[in-house]
Amino acid sequence: MEKPEQTSEEENEKQHRLLLEAREKKFKPTSHFSYYAFAVLILTLIVLFFIGVIPRFLLEEKITKLANETSLPKVTILEAKGIDKSIELTLPSSLDAINITPIWARVDGYIKTFLSDIGDVVKEGDILAEIETPELDQQYEQAVAELNTSKARLNIAKITADRWANLYKEDSESISKQEVDQRSADLEASVTEVNSAQANVDRLQKTLDFKRIIAPFDGIIIERNIDIGSLITAGSASHHQQLFKIAKTNILRVFVNVPQRFFRSIKKDIIADVYISEFPEKVFKGFVARYAKALDPIARTLLTEVHIHNPEYELFVGLYADVKFLLKPDNVYFLIPTSAVIIRADGPKVAVLDENDIIHLKNVTLGLDHGKMMEITSGIQENEKIITNPSDKIMEGKKAQIINANKKADEMKKVDAVK
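Residues numbered from 1 in each chain as written. Predicted model: local features only at pLDDT ≥ 70, side-chain atom pairs only at ≥ 80, totals over all residues. Heavy atoms only, no water.

## Points about the pairing of strand β16 (residues 320-327)
Phase 1 of the analysis: Here eight bridges tie strand β4 (residues 87-94) to β16, and the two strands are oriented antiparallel to one another. Along β16, the bridge assignment pairs T90 with K324.
Phase 2 of the analysis: Alignment of strand β13 (residues 271-275) against β16, held across three bridges, turns out to be antiparallel. Bridging from a neighbouring strand, Y275 pairs with D322 of β16. (Pairing = 2+ DSSP bridges. Helix = DSSP H or I, 4+ residues; strand = E, 2+ residues; numbered from the N terminus.)

So this is what it looks like as C-alpha coordinates:
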(Lines give C-alpha, C1' and ligand atoms only; values in the text may rest on other atoms or scores of the structure.)
Protein backbone atom coordinates (compact mmCIF):
# COMPACT_ATOMS: atom_id res chain seq x y z
CA MET A 1 0.00 0.00 0.00
CA GLU A 2 2.95 2.35 0.69
CA LYS A 3 4.64 1.77 -2.63
CA PRO A 4 1.92 3.28 -4.78
CA GLU A 5 2.02 6.53 -2.75
CA GLN A 6 5.78 6.85 -3.20
CA THR A 7 5.40 6.22 -6.86
CA SER A 8 2.86 8.93 -7.16
CA GLU A 9 5.16 11.53 -5.51
CA GLU A 10 8.09 10.56 -7.68
CA GLU A 11 5.95 10.93 -10.73
CA ASN A 12 4.81 14.36 -9.66
CA GLU A 13 8.41 15.51 -9.10
CA LYS A 14 9.42 14.04 -12.40
CA GLN A 15 6.64 15.81 -14.20
CA HIS A 16 7.45 19.07 -12.45
CA ARG A 17 11.11 18.75 -13.45
CA LEU A 18 10.21 17.90 -17.00
CA LEU A 19 7.92 20.90 -17.07
CA LEU A 20 10.73 23.21 -15.90
CA GLU A 21 13.16 21.78 -18.40
CA ALA A 22 10.64 22.17 -21.14
CA ARG A 23 10.07 25.83 -20.13
CA GLU A 24 13.80 26.57 -19.96
CA LYS A 25 14.35 24.85 -23.25
CA LYS A 26 11.55 26.84 -24.79
CA PHE A 27 12.89 30.29 -23.79
CA LYS A 28 16.68 29.75 -23.80
CA PRO A 29 18.26 30.94 -27.11
CA THR A 30 20.75 28.88 -28.89
CA SER A 31 24.44 29.90 -28.89
CA HIS A 32 24.43 30.79 -32.62
CA PHE A 33 21.34 32.93 -32.24
CA SER A 34 22.76 34.88 -29.28
CA TYR A 35 25.99 35.83 -31.05
CA TYR A 36 24.14 36.94 -34.15
CA ALA A 37 21.77 39.13 -32.18
CA PHE A 38 24.65 40.74 -30.26
CA ALA A 39 26.52 41.55 -33.47
CA VAL A 40 23.39 43.06 -35.00
CA LEU A 41 22.94 45.20 -31.91
CA ILE A 42 26.57 46.47 -32.04
CA LEU A 43 26.33 47.29 -35.73
CA THR A 44 23.07 49.07 -35.15
CA LEU A 45 24.67 51.23 -32.46
CA ILE A 46 27.68 52.01 -34.68
CA VAL A 47 25.45 52.99 -37.59
CA LEU A 48 23.39 55.18 -35.34
CA PHE A 49 26.62 56.80 -34.02
CA PHE A 50 27.91 57.62 -37.49
CA ILE A 51 24.52 58.78 -38.69
CA GLY A 52 23.72 61.00 -35.71
CA VAL A 53 26.69 61.87 -33.55
CA ILE A 54 29.59 62.21 -36.02
CA PRO A 55 27.81 64.60 -38.48
CA ARG A 56 26.61 66.66 -35.59
CA PHE A 57 30.15 66.85 -34.21
CA LEU A 58 31.54 67.81 -37.62
CA LEU A 59 28.80 70.41 -38.03
CA GLU A 60 29.59 71.92 -34.64
CA GLU A 61 33.31 72.00 -35.51
CA LYS A 62 32.54 73.68 -38.84
CA ILE A 63 30.28 76.23 -37.17
CA THR A 64 32.95 76.98 -34.55
CA LYS A 65 35.62 77.38 -37.22
CA LEU A 66 33.36 79.62 -39.30
CA ALA A 67 32.57 81.74 -36.26
CA ASN A 68 36.25 82.12 -35.45
CA GLU A 69 37.06 83.08 -39.02
CA THR A 70 34.21 85.57 -39.09
CA SER A 71 35.43 87.25 -35.92
CA LEU A 72 38.99 87.74 -37.30
CA PRO A 73 39.56 90.97 -39.26
CA LYS A 74 40.34 90.27 -42.90
CA VAL A 75 43.31 92.26 -44.11
CA THR A 76 45.41 92.74 -47.20
CA ILE A 77 49.11 93.22 -46.72
CA LEU A 78 52.09 94.69 -48.51
CA GLU A 79 55.71 93.94 -47.75
CA ALA A 80 57.63 97.11 -46.97
CA LYS A 81 60.48 97.76 -49.40
CA GLY A 82 62.94 100.57 -48.72
CA ILE A 83 63.55 103.16 -51.44
CA ASP A 84 66.78 105.13 -51.74
CA LYS A 85 66.52 106.25 -55.35
CA SER A 86 66.25 109.89 -56.32
CA ILE A 87 62.88 111.55 -55.84
CA GLU A 88 61.15 113.80 -58.34
CA LEU A 89 60.11 116.81 -56.29
CA THR A 90 57.70 119.07 -58.19
CA LEU A 91 56.79 122.44 -56.72
CA PRO A 92 54.48 125.19 -58.02
CA SER A 93 55.66 128.70 -58.79
CA SER A 94 55.33 131.56 -61.28
CA LEU A 95 57.82 133.26 -63.58
CA ASP A 96 59.32 136.57 -62.57
CA ALA A 97 61.82 138.88 -64.31
CA ILE A 98 65.43 138.91 -63.18
CA ASN A 99 65.05 142.70 -62.90
CA ILE A 100 61.78 144.58 -62.76
CA THR A 101 61.33 148.17 -61.73
CA PRO A 102 58.76 150.98 -61.94
CA ILE A 103 59.91 154.28 -63.43
CA TRP A 104 58.93 157.56 -61.77
CA ALA A 105 59.48 161.18 -62.75
CA ARG A 106 62.13 163.27 -61.02
CA VAL A 107 60.74 166.60 -62.29
CA ASP A 108 57.35 168.28 -62.31
CA GLY A 109 55.73 169.00 -65.65
CA TYR A 110 53.61 167.62 -68.49
CA ILE A 111 54.22 164.68 -70.79
CA LYS A 112 55.41 166.10 -74.08
CA THR A 113 55.68 162.75 -75.85
CA PHE A 114 56.33 159.09 -75.15
CA LEU A 115 58.42 156.99 -77.48
CA SER A 116 57.86 153.47 -76.07
CA ASP A 117 54.73 151.50 -75.29
CA ILE A 118 53.88 148.17 -73.65
CA GLY A 119 55.59 145.21 -75.27
CA ASP A 120 58.44 147.28 -76.74
CA VAL A 121 61.93 145.89 -76.31
CA VAL A 122 64.24 148.70 -75.26
CA LYS A 123 67.96 149.05 -74.68
CA GLU A 124 69.70 150.70 -71.79
CA GLY A 125 69.78 154.49 -72.37
CA ASP A 126 66.84 154.57 -74.81
CA ILE A 127 64.51 157.56 -74.35
CA LEU A 128 61.07 156.39 -73.25
CA ALA A 129 59.33 159.78 -72.88
CA GLU A 130 59.95 163.54 -72.61
CA ILE A 131 58.51 165.96 -70.06
CA GLU A 132 57.86 169.68 -70.49
CA THR A 133 59.08 171.59 -67.42
CA PRO A 134 58.36 175.35 -67.81
CA GLU A 135 58.89 176.15 -64.14
CA LEU A 136 62.16 174.25 -64.01
CA ASP A 137 63.33 176.00 -67.16
CA GLN A 138 62.69 179.38 -65.53
CA GLN A 139 64.55 178.28 -62.41
CA TYR A 140 67.49 177.26 -64.56
CA GLU A 141 67.55 180.58 -66.42
CA GLN A 142 67.37 182.45 -63.12
CA ALA A 143 70.22 180.39 -61.74
CA VAL A 144 72.34 181.13 -64.80
CA ALA A 145 71.64 184.86 -64.40
CA GLU A 146 72.62 184.74 -60.74
CA LEU A 147 75.80 182.94 -61.71
CA ASN A 148 76.68 185.65 -64.21
CA THR A 149 75.98 188.33 -61.58
CA SER A 150 78.23 186.53 -59.12
CA LYS A 151 80.97 186.31 -61.71
CA ALA A 152 80.70 190.07 -62.35
CA ARG A 153 80.94 190.79 -58.64
CA LEU A 154 83.89 188.48 -58.42
CA ASN A 155 85.59 190.38 -61.20
CA ILE A 156 85.10 193.77 -59.43
CA ALA A 157 86.18 192.29 -56.11
CA LYS A 158 89.34 190.93 -57.68
CA ILE A 159 90.20 194.25 -59.30
CA THR A 160 89.56 196.13 -56.06
CA ALA A 161 91.60 193.73 -54.01
CA ASP A 162 94.52 193.90 -56.43
CA ARG A 163 94.47 197.72 -56.39
CA TRP A 164 94.45 197.93 -52.62
CA ALA A 165 97.24 195.45 -52.42
CA ASN A 166 99.39 197.46 -54.88
CA LEU A 167 98.72 200.72 -53.02
CA TYR A 168 99.77 199.14 -49.77
CA LYS A 169 103.00 197.96 -51.34
CA GLU A 170 103.75 201.45 -52.75
CA ASP A 171 102.88 203.46 -49.65
CA SER A 172 101.99 201.49 -46.57
CA GLU A 173 101.50 204.74 -44.63
CA SER A 174 98.70 206.04 -46.86
CA ILE A 175 96.28 203.09 -46.25
CA SER A 176 95.84 200.70 -43.41
CA LYS A 177 96.42 196.96 -43.49
CA GLN A 178 92.87 196.49 -42.27
CA GLU A 179 91.45 197.95 -45.45
CA VAL A 180 93.66 195.74 -47.61
CA ASP A 181 92.51 192.64 -45.67
CA GLN A 182 88.89 193.71 -46.05
CA ARG A 183 89.21 193.85 -49.83
CA SER A 184 90.84 190.40 -49.85
CA ALA A 185 87.98 189.00 -47.78
CA ASP A 186 85.47 190.53 -50.20
CA LEU A 187 87.27 188.74 -53.01
CA GLU A 188 87.06 185.38 -51.24
CA ALA A 189 83.36 185.93 -50.55
CA SER A 190 82.77 186.66 -54.22
CA VAL A 191 84.58 183.44 -55.17
CA THR A 192 82.33 181.52 -52.80
CA GLU A 193 79.23 183.16 -54.27
CA VAL A 194 80.31 182.17 -57.75
CA ASN A 195 80.96 178.57 -56.69
CA SER A 196 77.55 178.41 -55.00
CA ALA A 197 75.80 179.86 -58.05
CA GLN A 198 77.69 177.43 -60.29
CA ALA A 199 76.63 174.49 -58.11
CA ASN A 200 73.02 175.63 -58.30
CA VAL A 201 73.24 175.85 -62.08
CA ASP A 202 74.82 172.38 -62.26
CA ARG A 203 72.07 170.96 -60.02
CA LEU A 204 69.33 172.40 -62.19
CA GLN A 205 71.14 171.24 -65.30
CA LYS A 206 71.21 167.66 -64.01
CA THR A 207 67.58 167.97 -62.98
CA LEU A 208 66.72 169.10 -66.49
CA ASP A 209 68.27 165.88 -67.75
CA PHE A 210 65.37 164.07 -66.06
CA LYS A 211 63.06 165.70 -68.58
CA ARG A 212 63.98 162.69 -70.72
CA ILE A 213 62.87 159.34 -69.25
CA ILE A 214 65.69 156.89 -69.90
CA ALA A 215 65.57 153.07 -69.84
CA PRO A 216 67.78 151.92 -66.94
CA PHE A 217 68.57 148.52 -68.51
CA ASP A 218 67.74 146.30 -71.46
CA GLY A 219 64.22 144.99 -71.10
CA ILE A 220 60.57 145.07 -72.10
CA ILE A 221 58.00 147.71 -71.25
CA ILE A 222 55.25 145.84 -69.40
CA GLU A 223 53.29 148.90 -68.19
CA ARG A 224 52.61 152.44 -69.45
CA ASN A 225 50.51 154.74 -67.27
CA ILE A 226 50.85 158.08 -69.08
CA ASP A 227 49.45 159.92 -72.09
CA ILE A 228 50.51 163.08 -73.86
CA GLY A 229 49.64 166.05 -71.68
CA SER A 230 49.51 164.07 -68.42
CA LEU A 231 50.45 166.12 -65.38
CA ILE A 232 53.55 164.66 -63.77
CA THR A 233 54.71 165.18 -60.20
CA ALA A 234 58.21 164.29 -59.13
CA GLY A 235 58.63 161.48 -56.60
CA SER A 236 57.77 157.83 -56.02
CA ALA A 237 55.07 158.02 -53.34
CA SER A 238 51.86 156.09 -53.80
CA HIS A 239 49.85 159.19 -54.75
CA HIS A 240 52.28 160.06 -57.52
CA GLN A 241 51.89 158.66 -60.98
CA GLN A 242 54.09 155.81 -62.10
CA LEU A 243 55.22 156.36 -65.69
CA PHE A 244 56.42 152.96 -66.89
CA LYS A 245 57.32 149.54 -65.58
CA ILE A 246 60.21 147.79 -67.28
CA ALA A 247 61.26 144.16 -66.87
CA LYS A 248 64.46 142.42 -67.86
CA THR A 249 63.27 139.03 -69.10
CA ASN A 250 66.18 137.55 -71.01
CA ILE A 251 66.71 135.69 -67.75
CA LEU A 252 63.67 134.71 -65.70
CA ARG A 253 63.58 133.50 -62.13
CA VAL A 254 61.16 131.46 -60.08
CA PHE A 255 60.93 131.17 -56.32
CA VAL A 256 59.98 127.80 -54.82
CA ASN A 257 59.57 126.68 -51.22
CA VAL A 258 61.45 123.41 -50.73
CA PRO A 259 60.19 121.26 -47.82
CA GLN A 260 62.49 120.85 -44.84
CA ARG A 261 63.13 117.19 -45.63
CA PHE A 262 65.01 118.12 -48.80
CA PHE A 263 66.78 121.30 -47.72
CA ARG A 264 70.15 119.48 -47.46
CA SER A 265 69.77 118.34 -51.07
CA ILE A 266 69.47 121.90 -52.41
CA LYS A 267 72.85 123.09 -53.70
CA LYS A 268 73.85 125.99 -55.89
CA ASP A 269 73.83 125.26 -59.65
CA ILE A 270 71.83 122.00 -59.41
CA ILE A 271 69.56 121.49 -62.41
CA ALA A 272 65.81 122.04 -62.28
CA ASP A 273 63.31 121.30 -65.05
CA VAL A 274 60.64 123.95 -65.53
CA TYR A 275 57.33 122.96 -67.12
CA ILE A 276 54.83 125.41 -68.62
CA SER A 277 51.45 123.92 -69.51
CA GLU A 278 51.23 126.18 -72.58
CA PHE A 279 54.44 124.57 -73.90
CA PRO A 280 53.64 120.86 -73.44
CA GLU A 281 56.32 119.75 -75.89
CA LYS A 282 59.16 121.64 -74.26
CA VAL A 283 61.11 121.45 -71.00
CA PHE A 284 62.92 124.60 -69.92
CA LYS A 285 66.19 124.03 -68.13
CA GLY A 286 66.93 126.05 -65.04
CA PHE A 287 69.47 126.02 -62.24
CA VAL A 288 69.54 127.02 -58.60
CA ALA A 289 71.06 130.49 -58.47
CA ARG A 290 70.76 131.04 -54.72
CA TYR A 291 68.74 129.99 -51.72
CA ALA A 292 68.03 131.38 -48.29
CA LYS A 293 70.25 130.17 -45.49
CA ALA A 294 67.23 129.92 -43.21
CA LEU A 295 63.89 128.08 -43.23
CA ASP A 296 60.50 129.64 -42.83
CA PRO A 297 59.66 128.99 -39.16
CA ILE A 298 55.96 128.51 -39.93
CA ALA A 299 55.94 126.52 -43.18
CA ARG A 300 59.34 124.84 -42.55
CA THR A 301 60.39 125.44 -46.14
CA LEU A 302 63.55 126.77 -47.78
CA LEU A 303 63.11 129.68 -50.21
CA THR A 304 65.02 128.77 -53.39
CA GLU A 305 65.60 130.90 -56.50
CA VAL A 306 65.87 129.18 -59.89
CA HIS A 307 67.05 131.01 -63.02
CA ILE A 308 65.91 130.20 -66.57
CA HIS A 309 67.48 131.58 -69.73
CA ASN A 310 64.93 133.21 -72.04
CA PRO A 311 66.92 134.62 -74.99
CA GLU A 312 63.97 134.49 -77.40
CA TYR A 313 61.59 136.19 -74.94
CA GLU A 314 59.08 133.37 -75.47
CA LEU A 315 58.31 133.14 -71.77
CA PHE A 316 56.41 135.96 -70.11
CA VAL A 317 56.48 137.27 -66.59
CA GLY A 318 53.65 135.87 -64.48
CA LEU A 319 53.25 132.48 -66.19
CA TYR A 320 52.40 129.60 -63.85
CA ALA A 321 55.16 126.99 -63.80
CA ASP A 322 55.98 123.64 -62.21
CA VAL A 323 59.59 123.28 -61.10
CA LYS A 324 60.87 119.71 -60.83
CA PHE A 325 64.00 118.72 -58.94
CA LEU A 326 65.62 115.28 -59.00
CA LEU A 327 66.76 114.96 -55.39
CA LYS A 328 68.39 112.08 -53.57
CA PRO A 329 67.03 111.64 -50.02
CA ASP A 330 69.40 111.47 -47.08
CA ASN A 331 67.82 108.27 -45.70
CA VAL A 332 65.95 105.23 -46.97
CA TYR A 333 62.18 105.72 -46.94
CA PHE A 334 59.15 103.54 -47.60
CA LEU A 335 56.27 104.19 -49.98
CA ILE A 336 52.95 102.72 -48.81
CA PRO A 337 49.30 103.32 -49.71
CA THR A 338 47.84 106.37 -48.01
CA SER A 339 44.95 104.17 -46.82
CA ALA A 340 47.42 102.19 -44.68
CA VAL A 341 48.16 105.20 -42.45
CA ILE A 342 46.11 105.31 -39.24
CA ILE A 343 45.70 108.79 -37.81
CA ARG A 344 45.34 108.78 -34.04
CA ALA A 345 45.46 111.46 -31.36
CA ASP A 346 48.97 110.37 -30.36
CA GLY A 347 50.27 110.57 -33.92
CA PRO A 348 50.19 108.61 -37.18
CA LYS A 349 50.51 104.82 -36.99
CA VAL A 350 50.84 101.84 -39.29
CA ALA A 351 49.46 98.35 -38.54
CA VAL A 352 51.85 95.45 -39.23
CA LEU A 353 51.56 91.65 -38.87
CA ASP A 354 54.21 89.46 -37.23
CA GLU A 355 55.03 85.86 -38.22
CA ASN A 356 51.97 84.62 -36.30
CA ASP A 357 49.62 87.10 -38.00
CA ILE A 358 49.29 89.14 -34.80
CA ILE A 359 48.58 92.83 -35.26
CA HIS A 360 51.03 95.45 -33.94
CA LEU A 361 50.54 99.21 -34.22
CA LYS A 362 53.72 101.20 -34.86
CA ASN A 363 54.30 104.92 -34.59
CA VAL A 364 55.68 106.30 -37.87
CA THR A 365 57.03 109.54 -39.28
CA LEU A 366 55.30 110.76 -42.43
CA GLY A 367 57.16 112.15 -45.41
CA LEU A 368 55.75 113.56 -48.64
CA ASP A 369 52.15 112.92 -49.60
CA HIS A 370 51.93 111.66 -53.21
CA GLY A 371 48.15 111.39 -53.25
CA LYS A 372 47.40 107.64 -53.27
CA MET A 373 50.83 106.88 -51.81
CA MET A 374 52.52 108.20 -48.68
CA GLU A 375 56.20 108.28 -47.72
CA ILE A 376 57.22 106.79 -44.36
CA THR A 377 60.63 108.02 -43.24
CA SER A 378 60.88 106.08 -39.95
CA GLY A 379 58.99 103.59 -37.81
CA ILE A 380 58.87 100.48 -39.99
CA GLN A 381 61.47 97.96 -41.13
CA GLU A 382 62.35 96.23 -44.37
CA ASN A 383 60.00 93.36 -45.39
CA GLU A 384 57.49 94.05 -42.62
CA LYS A 385 53.92 93.09 -43.55
CA ILE A 386 51.95 96.33 -43.74
CA ILE A 387 48.17 96.16 -43.45
CA THR A 388 46.85 98.24 -46.33
CA ASN A 389 43.15 98.27 -45.32
CA PRO A 390 43.01 98.91 -41.56
CA SER A 391 39.51 99.12 -40.06
CA ASP A 392 38.04 99.70 -36.62
CA LYS A 393 38.69 96.02 -35.80
CA ILE A 394 42.45 96.53 -36.06
CA MET A 395 43.73 96.40 -32.50
CA GLU A 396 47.08 95.75 -30.85
CA GLY A 397 47.71 92.04 -30.18
CA LYS A 398 44.69 90.80 -32.12
CA LYS A 399 45.01 88.06 -34.73
CA ALA A 400 44.12 88.83 -38.33
CA GLN A 401 43.26 86.85 -41.44
CA ILE A 402 45.21 87.63 -44.64
CA ILE A 403 43.28 87.75 -47.91
CA ASN A 404 44.50 88.41 -51.46
CA ALA A 405 47.97 89.22 -50.19
CA ASN A 406 49.76 88.35 -53.42
CA LYS A 407 47.28 90.21 -55.62
CA LYS A 408 47.44 93.32 -53.46
CA ALA A 409 51.21 93.21 -53.36
CA ASP A 410 51.36 93.00 -57.15
CA GLU A 411 49.09 96.02 -57.42
CA MET A 412 51.23 98.01 -55.03
CA LYS A 413 54.36 97.07 -56.97
CA LYS A 414 52.77 98.41 -60.11
CA VAL A 415 51.85 101.65 -58.38
CA ASP A 416 55.36 101.88 -56.95
CA ALA A 417 56.82 101.31 -60.41
CA VAL A 418 54.72 104.17 -61.77
CA LYS A 419 55.94 106.41 -58.95
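Structure's up, so let's keep going.
## Details of the nonpolar core
Side chains of nonpolar character tend, in soluble globular proteins, to be buried together.
Phase 1 of the analysis: Ranked by internal contacts, the top residues of the largest apolar core, which has 29 residues, are L95, V258, I276, L315, V323 and F325.
Phase 2 of the analysis: Elements represented by at least two residues in this core include exactly β4, β12 (244-259), β13, β14 (284-295), β15 (301-309), β16 and β17 (333-337).
Phase 3 of the analysis: Once you skip the residues sitting within four places of it in the chain, V258 turns out to touch L89, L91, I266, R300, T301, L302 and T304. (Core = buried A, V, L, I, M, F, W, Y, C linked by side-chain atoms within 4.5 Å. Buried < 20%, exposed > 50% of the residue type's maximum accessible area, 1.4 Å probe, protein only. Contact = heavy atoms within 4.5 Å.)

## Digging into the sheet that holds strand β21 (residues 365-369)
Phase 1 of the analysis: Pairing within the open sheet is antiparallel, and its four strands lie in the order β3-β17-β22-β21. Across the chains shown, the open sheet's two edge strands, defined by having one partner strand only, are β3 (82-83) and β21.

## As for the pairing of strand β18 (residues 341-344)
Phase 1 of the analysis: With four bridges joining them, β18 and strand β19 (residues 347-353) adopt antiparallel strand pairing. Each bridged residue has a counterpart across the sheet, and for I342 the counterpart in β19 is K349.
Phase 2 of the analysis: A loop of two residues connects β18 with β19, the two strands running antiparallel in sequence.

## With respect to the pattern of salt bridges
Proximity of charged atoms lets side chains of opposite charge pair with each other.
Phase 1 of the analysis: Per the counting criterion, the structure on display carries 16 salt bridges.
Phase 2 of the analysis: The salt bridge involving D137 is made with K211; its shortest N-O contact spans 3.5 Å. Within this pair, whereas D137 is found in helix α3 (residues 134-170), its partner K211 is found in the loop between α4 (177-209) and β9 (212-214), the two being separated by 74 residues in sequence.
Phase 3 of the analysis: When its relative accessible area of 22% is taken as the criterion, K211 is described as partly exposed.
Phase 4 of the analysis: Put simply, R261 and E375 hold a salt bridge, and the shortest N to O gap is 1.7 Å. With a gap of 114 residues between them, R261 in the loop between β12 and β13 and E375 in strand β22 (residues 373-378) connect regions that are remote in the sequence. (Salt bridge = Lys/Arg side-chain N within 4 Å of Asp/Glu carboxyl O.)

## Thoughts on α4
Phase 1 of the analysis: The end-to-end C-alpha distance of α4 is 48 Å, a good match for the 48 Å that 33 residues give at a rise of 1.5 Å each.
Phase 2 of the analysis: Residues of α4 that are buried: V180, S190, V194, A197, V201, L204, T207 and L208.
Phase 3 of the analysis: At its buried positions, α4 is contacted by α3. (Expected span 1.5 Å × (residues − 1).)

## With respect to the side chain of T76
Phase 1 of the analysis: Within the element layout of this structure, T76 appears in the loop between β1 (74-75) and β2 (77-79).
Phase 2 of the analysis: On the basis of relative accessible area, T76 is assigned to the buried category, the value being 10%.
Phase 3 of the analysis: A distance of 2.5 Å separates polar atoms of two side chains, one belonging to T76 and the other to T388. (Polar contact = N/O pair within 3.5 Å; in protein donor to acceptor, adjacent residues only side chain to side chain.)

## Some details on the packing of aromatic side chains
Phase 1 of the analysis: Under the counting rule described, the total for this entry stands at one aromatic pair.
Phase 2 of the analysis: Seen from their ring centres, F279 and F284 are 5.6 Å apart, and the 90° between their planes marks the pair as edge-to-face. The two residues F279 and F284 agree in class, both being buried.
Phase 3 of the analysis: The lysine or arginine in question, R224, covers the ring of F114, its NZ or CZ lying 4.4 Å from the ring centre.
Phase 4 of the analysis: Seen from the ring of Y291, K293 lies directly overhead, with NZ or CZ sitting 4.4 Å from the centre. (Phe/Tyr/Trp six-rings, centres within 6.5 Å; stacked < 30°, edge-to-face > 60°. Lys NZ or Arg CZ within 6 Å of the ring centre and 35° of its normal.)

## Let's talk about a nonpolar patch on the surface
Phase 1 of the analysis: Where nonpolar side chains cluster on the molecular surface, the patch consists of L41, I42, L43, L45 and I46 and spans about 440 Å² of accessible area.
Phase 2 of the analysis: Assignment of secondary structure puts L41 in helix α2 (residues 31-71). (Patch = residues over 30% accessible without salt bridge, like charges linked within 9 Å, V, L, I, M, F, W, Y side chains within 5 Å. Areas by Shrake-Rupley, 256 points an atom, 1.4 Å probe, with all protein chains shown as cover.)

## Quick notes on the sheet that holds strand β8 (residues 127-132)
Phase 1 of the analysis: Overall, antiparallel pairing links the four strands, which are arranged β9-β8-β6-β11 in an open sheet. The open sheet has two free edges, formed respectively by β9 and β11 (231-232), since each of these has just one partner strand.
Phase 2 of the analysis: In this structure, strand β6 (residues 109-114) lies alongside β11, joined through two bridges in antiparallel fashion. Within the sheet, the bridge partner assigned to Y110 lies in β11 and is L231.

## Section: the side chain of K324
Phase 1 of the analysis: With respect to the element layout, K324 can be found in strand β16.
Phase 2 of the analysis: Accessibility expressed as a relative area gives 19% for K324, which makes it buried.
Phase 3 of the analysis: A polar contact of 3.1 Å, which involves the side chain of K324, links it to the side chain of Y275.
Phase 4 of the analysis: Discounting residues that sit within four places of it in the chain, K324 has contacts with E88, L89, T90, A272, D273 and Y275.

## Some remarks on unusual backbone geometry
Phase 1 of the analysis: Positive phi, normally seen in glycine, also occurs at Y313, with a value near 55°.
Phase 2 of the analysis: Given a relative accessible area of 29%, Y313 falls into the partly exposed group.
Phase 3 of the analysis: Look at D357: it is not a glycine, yet its phi comes out positive at around 60°.

## Details of the environment of E132
Phase 1 of the analysis: Looking at the element boundaries, E132 is found in strand β8.
Phase 2 of the analysis: Through-space distance from the C-alpha of E132 to that of Y110 is 5.1 Å; in sequence the pair is 22 residues apart.
Phase 3 of the analysis: With near-sequence residues (within four places) excluded, E132 lies in contact with D108, G109, Y110 and K112.

Any functional reading would require information beyond the geometric quantities listed.
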